[in-house]
Amino acid sequence: MPGRALQWITATRLLLDVMFYFGLVGAAGIAIWLALSPLVMRDGRPGNATLPVAVGEGVLYPTVDLAVDRAAAPEVTQAVLVGARGELRIETTDWSLQFLPNLGMLLALGIVLAIVNLLRRMLRTVRAGDPFTEVNGRRLRAMGLLLLAVGVIGPLLEYLLARAMLARIPVADLTLVAPLDAQTEVVLAGLLLLVLSAVFARGAELERDRSLTI
Amino acid sequence: MAIVVSLDVLLVRRKMSLTELADRVGITIANLSILKTNKARAIRFSTLDAICRELDCQPGDLLAHEPD
């Protein structure tokens, strides 16, 4: 393997290792917090929670009709605020309102860690000089399926969670809704990996044929 | 696989070792062992040609089809 390629692999491996172990520490921290939070919150001490929200009415394209000063701008006949997204941060003594977003975060972090770990294992086979194996094809497929889960199930869960939480948070100033954000890029990346895994599996089969051709 | 390689029989008949055949044909003993133990997925015509030449046989003497 050329020296430059080896350097690149070593650097990527280092980066993935750092991401993986930092992620593990973070996930462990969240898990410990989740496990201990019922005890901590029992005395009614307030804590923070954050949830994604959109301003307006509607799910995919929340809109708000804004009042226009017709005297200042007579040529503007209508103004609509579309898709204004943000995060709602609340301080609450309700334990469940803090627990649920963190549970979602732990789940998302778990999926990211699984993908990073699969990448680490694949990179190890590249470094060993034998990446075209059926195992790596299965790893690519697993990564594709995980990304599809993140892209399809993730936004749905986030929407349902935010909706359930918003129903318990009466905000008078604005009309807030839970947004449903389609993660097209993640879904496409997942599909791309699934196609690549099929190509990889075929490549691994050809490689096996080649190695067993006398 | 339904194709059976009779290399071991031919080697016994010719009183030749696997190492000697490997040297004469110019392929590794490991690859020749794969062929001998019926683990090979394919055989090149050039390899077949060299084995038949060294063992003084026909491809049909080396390969046979036995339905599963």
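Shown above is the structure to which this text applies.
In every chain, residue numbers begin from 1 and rise along the written sequence. To label them, take the chains in the order written and letter them from A, then take the ligands in the order written and number them from 1. With the structure being a predicted model, the display of local features is reserved for residues of pLDDT at least 70 and the display and counting of side-chain atom pairs for 80 or more, all residues being used for whole-chain, interface and lining totals. Each side-chain value is derived from all of the structure's non-hydrogen atoms; neither hydrogens nor water enter the calculation.

Engineer: Lay out the nonpolar core in plain terms, naming residues and giving numbers.
Structural biologist: As used in this record, nonpolar core signifies buried Ala, Val, Leu, Ile, Met, Phe, Trp, Tyr and Cys residues forming a set joined through side-chain atoms within 4.5 Å. Burial status follows relative accessibility: with a 1.4 Å probe on protein chains alone, a residue under 20% of its type maximum counts as buried, one over 50% as exposed, and anything between as partly exposed. The biggest cluster of nonpolar side chains holds 23 residues, and the ones touching the most others in it are Leu7(B), Leu21(B), Leu32(B), Leu35(B), Ile51(B) and Leu55(B). Contributing elements (two or more residues each) for this core: α1 (7-14), α2 (18-25), α3 (29-36) and α4 (45-55) of chain B. Ranked by the residues each element gives to this core, the list is headed by α4(B), at five residues. Sequence-distant contacts of Leu7(B), that is, excluding residues within four places in its chain, are made with Leu18(B), Leu21(B), Leu32(B), Leu35(B), Lys36(B), Ile51(B), Leu55(B) and Leu62(B). Counting residues in hydrophobic clusters, the runner-up holds 14 residues, among them Val53(A), Ile90(A), Leu97(A) and Met165(A). Secondary structure follows DSSP: runs of H or I at least 4 residues long count as helices, runs of E at least 2 residues long count as strands, and numbering of each begins at the N terminus. When checking whether two residues touch, look at their non-hydrogen atoms; a contact exists if any pair is within 4.5 Å.

Engineer: Describe the packing of aromatic side chains, and please don't skip the residues or the numbers.
Structural biologist: Residues and elements named next belong to chain A. Any pair of Phe, Tyr and Trp rings, taking the six-membered ring for Trp, is counted once the centres come within 6.5 Å. Such a pair is stacked with planes under 30 degrees apart, edge-to-face with planes over 60 apart, and tilted for the rest. One pass over the structure, following the stated rule, counts two aromatic pairs over all chains. Residues phenylalanine 20 and tyrosine 21 carry aromatic rings whose centres are separated by 5.3 Å and whose planes lie at 75° to one another, so their mutual orientation is edge-to-face. Note that arginine 120 overlies the ring of phenylalanine 20, its terminal NZ or CZ placed 4.4 Å from the centroid. Here, a charge over a ring is recorded when the distance from Lys NZ or Arg CZ to the ring centre is within 6 Å and its angle to the ring normal is within 35 degrees.

Engineer: I'd like to hear about the pattern of salt bridges, residue by residue, with values.
Structural biologist: Should the charged atoms of two oppositely charged side chains come close, the side chains can pair. We count a salt bridge whenever a side-chain nitrogen from Lys or Arg sits within 4 Å of a carboxyl oxygen from Asp or Glu. The tally for this structure, following the rule as stated, stands at nine salt bridges over all chains. Here Asp181(A) ties to Arg85(A) by a salt bridge, and the two come within 1.9 Å at their closest N and O atoms. You can see Asp181(A) sitting in the loop between β5 (176-177) and α4 (184-211) and its partner Arg85(A) sitting in strand β4 (residues 84-92), a full 96 residues away along the chain. By relative accessible area, Asp181(A) is classed as partly exposed at 33%. Taking the shortest distance from any N to any O, the salt bridge between Arg210(A) and Glu207(A) comes out at 3.0 Å. Of this pair, Arg210(A) and Glu207(A) are both found in helix α4, three residues apart, which corresponds to roughly one turn of the helix. The network of salt bridges with common partners includes Glu20(B), Arg24(B), Arg53(B) and Glu54(B).

Engineer: Just give me the short version of the packing of α2(B) against α3(B), but keep the residues and values in it.
Structural biologist: All names here are of chain B. Angles run from 0 to 180 degrees between N-to-C directions of axes, and those axes are lines fitted to C-alpha atoms, restricted for helices to the stretch in contact. Interhelical geometry of α2 versus α3 gives an angle of 115° and a closest axis separation of 9 Å. Taken as axis vectors, α2 and α3 run roughly perpendicular relative to one another. Crossing hand, α2 versus α3: right-handed. Listed contacts from α3 to Leu18, Thr19, Leu21 and Ala22 of α2 are Ile29, Leu32, Ser33 and Lys36. Broken down by class, the residue content of the contact of α2 with α3 amounts to five nonpolar, two polar and one charged. Between 65 and 115 degrees an angle is taken as roughly perpendicular, under 35 as roughly parallel, over 145 as roughly antiparallel, and anywhere else as oblique. Each crossing gets its handedness from the near helix: less than a right angle anticlockwise from the far helix is left-handed, clockwise is right-handed. Each residue gets one of three labels, nonpolar for Ala, Val, Leu, Ile, Met, Phe, Trp, Tyr, Cys and Pro, charged for Asp, Glu, Lys and Arg, and polar for the others, Gly among them.

Engineer: Which residues make up the interface of chain B and chain A, and what values do they have?
Structural biologist: Contacts between chain B and chain A engage 11 residues on the former and six residues on the latter. Take the accessible area each of two parts loses on contact, using a 1.4 Å probe, and add the two losses: that sum is the buried area. For chain B, the biggest contributors to the area lost against chain A are Arg41(B), Ala42(B) and Arg44(B); these three give 62% of the whole. Counting across the chain B and chain A interface gives one salt bridge. Note that Arg41(B) is salt-bridged to Asp209(A), the shortest N-O span being 2.6 Å. For the side of chain B that touches chain A, the leading source of residues is α3(B), giving three residues. In terms of residue class, the side of chain B that touches chain A is built from six nonpolar, two polar and three charged.

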